[in-house]
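Structural features, examined
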Amino acid sequence: MSPTDTADAPIAQGLRRIRDRIAEACLRANRPPGSVELVAVSKFHPATSVAEALAAGQRHFGENRVQEAQAKFPALRAEHPALRLHIIGALQTNKARDAVRVADVIESLDRPKLAAALAEAMARESRAPTLLVQVNTGDESQKAGVARAGAEDFLRQCREEHGLRIDGLMCIPPAGEDPVPHFRYLAELAARHGLHTLSMGMSGDFEAAIAAGATHVRVGTAIFGERPAQ
Ligand SMILES: *Cc1c(COP(=O)(O)O)cnc(C)c1O
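Residues numbered from 1 in each chain as written. Predicted model: local features only at pLDDT ≥ 70, side-chain atom pairs only at ≥ 80, totals over all residues. Heavy atoms only, no water.

As a structural note, the neighbourhood of the ligand is formed by Val41, Lys43, Asn64, Ile88, Ile172, Met202, Ser203, Arg218, Val219, Gly220, Thr221 and Arg227. Asn64 is positioned such that a nitrogen or oxygen atom in its side chain is 3.2 Å from an oxygen atom of the ligand. Thr221 is positioned with one of its side-chain polar atoms (N or O) 2.5 Å from an oxygen atom of the ligand. Taken by itself the ligand offers 390 Å² of open surface, and the protein chains cover 90% of this. Cavity membership is defined here by more than half of the atoms lying within 2 Å of grid points; on that basis the ligand lies in the largest pocket. In terms of residue class, the shell around the ligand is made up of 5 nonpolar, 4 polar and 3 charged. (Near = heavy atom within 4 Å. Polar contact = N/O pair within 3.5 Å; in protein donor to acceptor, adjacent residues only side chain to side chain. Areas by Shrake-Rupley, 256 points an atom, 1.4 Å probe, with all protein chains shown as cover. 1 Å grid on protein atoms, 1.4 Å probe; cavity = no way out; pocket = protein on both sides within 12 Å on 5 of 7 lines; lining within 4 Å. Sits in = over half its atoms within 2 Å of the grid points. Nonpolar A, V, L, I, M, F, W, Y, C, P; charged D, E, K, R; others polar.)

Structure representation (structure tokens):
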């Protein structure tokens, strides 16, 4: 593909726009440009869209479902060894082994049974994806993530009982609420526990998340457009 072809492709354009906005948000927050990793959320979009993003230099991708990730990513990874796949959706315990096989980062660790299943799968597969604990910062009953009140205990349990190294935290603030208090809460919790990775911020609020200290933003719609209906 010539550079011109890439520049004219809508996904390449979307990526360039988002990277520019991330760089500007870093500047405003007095943070080094490049201190925020863009995770392009490709769920429900075809592998051809991921390939377009790869051609435009994008390397980190996010998928909600392990099965969809397994269908889309192994072939692309063979061509792009630097590709990094993040599993960002609720993870069933019986998918732990598949998740460990396919993912470089699992962002949705949120309960003791899953911690045990991941620890076992990591030992069996001799693979150690980076792990983030998802916190249900809005304590919403329908949402994945460990409850606020249980977060500190769960972090300790992951480390001490399951021998897991936890790199950071992830959250999805409640829709229709100001996300900033949720971002700040997550950043404070991470700082108290010496955790460096903060995955927060999506298409509608990633700049606010960067101001609050996000190290990873997960952006789908603003790059790939509306998701196709399922
Ligand atoms: C879908 C999804 C995103 C991306 O959302 P957009 O609003 O399309 O940017 C980010 N994080 C998680 C956990 C998601 O499920």
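Continuing now.
It is worth spelling out the packing of helix 3 (residues 47–55) against helix 4 (residues 66–79) at this point. For any two helices packed against each other, the geometry is given by the interaxial angle and the distance between the axes. Look at helix 3 against helix 4: their axes get within 10 Å of each other, and the N-to-C directions meet at 35°. As helix 3 runs across helix 4, the sense of the crossing is right-handed. Here Ala47, Val50, Ala51 and Leu54 of helix 3 lie close against helix 4, whose contacting residues are Lys72, Phe73 and Leu76. Of the residues assigned to the contact of helix 3 with helix 4, the class counts are 6 nonpolar, no polar and 1 charged. (Axes fitted to C-alpha atoms, helices over the stretch in contact; angles between N-to-C directions. Helix = DSSP H or I, 4+ residues; strand = E, 2+ residues; numbered from the N terminus. Left-handed = near helix turned anticlockwise from the far one by under 90°. Contact = heavy atoms within 4.5 Å.)

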